[in-house]
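Chain by chain, the residues run as shown.
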Amino acid sequence: MKILQCWDDGVVSDARLVDLLRRHGAKATFSLNPGLYQNNRSFGWLSEGREIWRLGLQELPAVYQGFEICSHSMTHPYLTDLDGSRLDWEIRASRDLLEQLFSRPVTGFCYPFNAYNDPVLSAVRSAGYHWGRGKREGLHRFPPVDPLEFSPTCRVLDPEFWRKYEGAKKTGGGFFFWGHSYELSTEALWDDFERRIERISSDGDTEWSFIGDLFEPPLMPI
Ligand SMILES: [Zn+2]
């Protein structure tokens, strides 16, 4: 079974996350908003009283070396509130900037706030993205009905994580979780997460995959 994971927003705790993932040979996809970075690390927002900081533009290529990058739009707006050239800019210019920054193709899109509708889907489609992360969590299937709505199995902190993992092994189609590294807000959560990654990496029935690799034609069963 293929295992996929996707992390959003490009925050400072991603640097700790990628170290952990590298230790265990785990692949992962990171969704970034290239229009929100400053050269150095910068304050982003407060989450339950904690300051969340963004990584600096200069360090992005090194931090995410060896991992897949996808666009999370330019500035993380509700895309459903936008249209025309502003919508198009969020979707296309973000990819162009990421491709420039990382010197490689960017083929996936994650909708900010998981918010999208038909006009957003058609803008992402016409921009030529191969896949988008869908919002119908729990309705994960591969291949998806629409590659631009490739929905995850669950969130990283889902209490039913292992039950869903074992269920996915029985039914096939892969196991796909997502989250934000700042959700790992305590040492206990980091420890627990590292044990999950260890267990998945040592499971002989599974294999880590980048999401984009699934959507290179022709699509293969996973
Ligand atoms: Zn986000």
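Since this is a predicted model, take the numbers as computed values, not measurements.

### Observations regarding the packing of helix α1 (residues 13-23) against helix α6 (residues 187-201)
One way to put it is that α1 packs onto α6 with a least axis distance of 10 Å and a crossing angle of 30 degrees. Considering the relative orientation of α1 and α6, their crossing is right-handed. Note on element contacts: α6 touches α1 through Glu 187, Trp 190, Phe 193, Glu 194 and Ile 197, opposite Ser 13, Arg 16, Leu 17, Leu 20, Leu 21 and Arg 23. Partitioned by chemical class, the residues of the contact of α1 with α6 number 6 nonpolar, 1 polar and 4 charged.

### Thoughts on the coordination of the zinc ion
In the first shell of the zinc ion, the protein supplies Asp 9 (OD), His 72 (NE2) and His 76 (NE2), at 2.1 Å from the metal. One chain supplies every donor to the zinc ion, and in sequence these donors are spaced D-x62-H-x3-H. Accessibility classification places His 72 together with His 76 in one group, the buried group.

### Let's talk about the pattern of salt bridges
Two side chains of opposite charge can pair, provided their charged atoms sit close to one another. This model, assessed by the stated rule, comprises 19 salt bridges. A salt bridge links Glu 187 to Arg 16, with the nearest nitrogen and oxygen atoms 2.8 Å apart. You can see Glu 187 sitting in helix α6 and its partner Arg 16 sitting in helix α1, a full 171 residues away along the chain. Residue classification places Glu 187 among the partly exposed residues on the basis of a relative accessible area of 48%. Asp 19 is paired through a salt bridge with Arg 22; the nearest N and O atoms lie 3.7 Å apart. In this pair, Asp 19 and Arg 22 both sit in helix α1, 3 residues apart, roughly one turn of the helix. Residue class for Arg 22 comes out partly exposed when judged on its relative accessible area of 38%. Connected through salt bridges with shared partners, the residues Glu 166, Lys 169, Arg 199, Asp 203 and Asp 205 form a single ionic network.

### Side note on the environment of Ser 103
Looking at the secondary structure, you find Ser 103 in the loop between α3 (84-102) and β6 (108-110). Along the primary structure Ser 103 and Pro 61 are separated by 42 residues, whereas in three dimensions their C-alpha atoms are 9.1 Å apart.

### Some details on the side chain of Asp 9
Along the chain, Asp 9 turns up in the loop between β1 (2-8) and α1. Among buried Asp, Glu, Lys and Arg side chains, Asp 9 stands out as unpaired, with Arg 54 the closest opposite charge at 7.2 Å. Side-chain polar atoms of Asp 9 contact the side chain of His 72, separated by 3.0 Å. Residue contacts for Asp 9: discarding those within four places in its chain leaves Ser 31, Asn 33, Tyr 37, Trp 45, His 72, His 76, His 180 and Tyr 182.

The rules behind the values
- Residues numbered from 1 in each chain as written.
- Predicted model: local features only at pLDDT ≥ 70, side-chain atom pairs only at ≥ 80, totals over all residues.
- Heavy atoms only, no water.
- Axes fitted to C-alpha atoms, helices over the stretch in contact; angles between N-to-C directions.
- Helix = DSSP H or I, 4+ residues; strand = E, 2+ residues; numbered from the N terminus.
- Left-handed = near helix turned anticlockwise from the far one by under 90°.
- Contact = heavy atoms within 4.5 Å.
- Nonpolar A, V, L, I, M, F, W, Y, C, P; charged D, E, K, R; others polar.
- Donors = N, O, S within 2.8 Å, 3.2 Å for Na, K, Ca; no water.
- Buried < 20%, exposed > 50% of the residue type's maximum accessible area, 1.4 Å probe, protein only.
- Salt bridge = Lys/Arg side-chain N within 4 Å of Asp/Glu carboxyl O.
- Lys, Arg positive; Asp, Glu negative; His and termini not counted.
- Polar contact = N/O pair within 3.5 Å; in protein donor to acceptor, adjacent residues only side chain to side chain.

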